[in-house]
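# Fold and contact review
Chain by chain, the residues run as shown.
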Amino acid sequence: MILVAGGAGYIGSHTVKELLDQGHQVVVLDNLSTGHQESIDNRAVFVQGDLSNPADLDRLFGMHPIQAVMHFAASSLVGESVTNPLKYYKNNVAATLTLLEKMMEYKVDKFIFSSTAATYGIPETDMIVESTPTNPINPYGRSKLMIEHILKDFQDAYGLRYVVLRYFNAAGAHISGAIGEDHAPETHLIPLVLQHLLGKRETISVFGTDYDTHDGTCIRDYIHITDLAQAHILALQSLQNGTKKSETYNLGNGKGFSVKEVIEMCEKVTGKKASIVHTERRTGDPAMLVASSQKIYAELGWKAQYSLEEMIETAWKWHISHPNGYKKGVLS
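Residue numbers restart at each chain and count upward from 1, following the sequence in its written direction. In keeping with the model being predicted, local features are shown solely for residues with a pLDDT of at least 70 and side-chain atom pairs are shown and tallied solely at 80 or more, while totals for entire chains, interfaces and linings include all residues. Side-chain metrics rest on all non-hydrogen atoms present in the structure, leaving aside hydrogens and water.

## Points about the sheet that holds strand 7 (residues 161–167)
Here seven strands make up an open sheet; going across it, the order is 3-2-1-4-5-7-12 and the pairing parallel. In this open sheet, the two edge strands, each paired with only one partner strand, are strand 3 (45–48) and strand 12 (247–251). Ignoring strand direction, the axes of neighbouring strands in this sheet form an average angle of 15 degrees. In the sheet, strand 1 (residues 2–5) pairs with strand 2 (residues 26–30) via four bridges, with the strands oriented parallel. Looking across to strand 2, one finds that Leu-3 is bridged to Val-27. We call two residues in contact whenever any of their non-hydrogen atoms come within 4.5 Å of each other. Only the stretch in contact is used when fitting a helix axis, every axis being a line fitted to C-alpha atoms; angles between N-to-C directions are given from 0 to 180 degrees. Secondary structure elements are defined from DSSP: runs of H or I of at least 4 residues count as helices, runs of E of at least 2 residues count as strands, and each element is numbered from the N terminus. Across the sheet, helix 5 (residues 139–158) is in contact with strand 5 (110–114) and strand 7; its angle to strand 7 comes to roughly 160 degrees. Where helix 7 (residues 225–240) meets the sheet, it contacts strand 1, strand 4 (68–71), strand 5, strand 7 and strand 12, and its direction lies at approximately 160 degrees from that of strand 7. What makes two strands pair is DSSP finding at least two bridges between them.

## A closer look at the packing of helix 6 (residues 189–197) against helix 8 (residues 259–270)
Closest axis-to-axis distance for the helix 6/helix 8 pair is 10 Å, and the angle between their directions is 40 degrees. With respect to each other, helix 6 and helix 8 are oriented oblique. Here helix 6 and helix 8 pass one another in a crossing that is right-handed. Across the interface between the two elements, Leu-189, Ile-190, Val-193, Leu-194 and Leu-197 of helix 6 pack against Val-259, Val-262, Ile-263, Cys-266, Glu-267 and Thr-270 of helix 8. Residues are grouped as follows: nonpolar covers Ala, Val, Leu, Ile, Met, Phe, Trp, Tyr, Cys and Pro; charged covers Asp, Glu, Lys and Arg; every other residue, Gly included, is treated as polar. When grouped by side-chain class, the residues that make up the contact of helix 6 with helix 8 number nine nonpolar, one polar and one charged. Reported orientations rely on four angle classes, namely roughly parallel under 35 degrees, roughly antiparallel over 145, roughly perpendicular from 65 to 115, and oblique for the rest. Throughout, a crossing is termed right-handed when the near helix is turned clockwise from the far one, and left-handed when it is turned anticlockwise from it by less than a right angle.

## Describing the pairing of strand 12
Most of strand 12 is tucked away, with five of its five residues classed as buried. Note on classification: 1.4 Å probe, protein chains only; a residue is buried when its accessible area is under 20% of the maximum for its type, exposed when over 50%, partly exposed between these limits. On strand 12, burial covers both faces: Glu-247, Tyr-249 and Leu-251 on one face and Thr-248 and Asn-250 on the other are all buried. Two strands pair when backbone bridges link them, and strand 7 and strand 12 are joined in this way by five bridges, in the parallel orientation. Of the residues in strand 12, the one forming a bridge with Val-164 is Thr-248.

## Quick notes on the sheet that holds strand 6 (residues 127–128)
Read across the open sheet, the four strands follow the order 6-15-10-13; overall the sheet is mixed. In the strand order of this sheet, the two ends are held by strand 6 and strand 13 (257–258), each with one partner.

## Overview of the packing of helix 8 against helix 10 (residues 308–321)
The relative placement of two packed helices comes down to the angle between their axes together with the axis-to-axis distance. The geometry of helix 8 relative to helix 10 is characterised by a closest axis approach of 9 Å and an angle of 55 degrees between their N-to-C directions. As the angle between them shows, helix 8 and helix 10 are arranged oblique. Both helix 8 and helix 10 take part in a crossing whose hand is right-handed. Here Glu-261, Val-262, Met-265, Cys-266, Lys-268, Val-269 and Thr-270 of helix 8 lie close against helix 10, whose contacting residues are Leu-308, Glu-309, Ile-312, Glu-313 and Trp-316.

## Observations regarding unusual backbone geometry
Note the cis peptide between Ala-184 and Pro-185, where omega equals 0 degrees. Looking at where Pro-185 falls in the secondary structure, it is placed in the loop between strand 8 (169–171) and helix 6. In this structure, Leu-32 takes a positive phi of about 60 degrees despite not being glycine. As for its placement among the helices and strands, Leu-32 is situated in the loop between strand 2 and strand 3. A positive phi angle, near 60 degrees, is found at Lys-107, a position not held by glycine. Note on placement: Lys-107 falls in the loop between helix 4 (85–105) and strand 5.

## Regarding the layout of surface pockets
Cavity means a closed set of points on a 1 Å grid over the protein atoms alone, one where a 1.4 Å probe fits but cannot get out, pocket means an open set with protein on both sides within 12 Å along at least 5 of 7 lines, and lining means a residue has an atom within 4 Å of a point. Grid points are joined across faces, edges and corners, and a volume is the space filled by probe spheres set on the points. Estimates place the volume of the second largest pocket at around 170 Å³. Of all the secondary structure elements, the ones that give two or more residues to the lining of the second largest pocket are helix 5, strand 7 and strand 12. Considering each element in turn, the lining of the second largest pocket owes the most residues, five residues, to helix 5.

Now the structure itself:
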């Protein structure tokens, strides 16, 4: 049985569905502070609880034959991490330590960690590889990098085997349209544009049009949510196959898409025209952030399958069928 911590969240819920479709038994632990119980596949066992509570973890590990853990239960808003770092170090670091301690106690030695490309900070190269120096510039990125260091120490001391996956922007929705992206507040470009095109937001803001890129707007890496889920499952399989070596992998599409390209593709998919407000650059926004996936392709055979158009098509299908997200009458 696979424990998915944070399995009611955006990435976690899609990974749960893919795990179940591939024949795994899954138990989800989530405190529902940001996740949605409606997003959890009904084939999974759901336990409402908190990673920071040892009693919740004892109940979970005591009742279920857990063989591996996937960890998605992190706070992930960069701006909030700057104004409230205590929350991020408590939830992303201290609570994860509690989970790892219980894993050691119950002799569970396989761990898949959903990390972030924010661990790199603002790199000096356009194409980010795993050897690119890590220099996070906010508490969110630092909290994730702390766990990466802790995992290495746990491997050396206790025999923990792990895979760390670093990536930028998850996008899209399950191809069925049954589950998708519903954050409160929403900060991601694609759902913001689609909500605008649905009439939920008056305008869409573009921060800076004078970057050194082909169209003057920032270029970012986007990966379809199902591609991300598949990468986590391949990482799990690599540990289940007995590999002794823990690894860190980037997940990226290798080229990125500009803000303008994303907006134009949203217009193409929906057949609607966006009302755009051009404003000043945001502090700390580099012109281009794109990750290379050559390492995980070479070692695990993973590469992104979904195009930008398919990311937006699946996202639009979700937004059309769930215009207020999972909660009726509530805009997320």
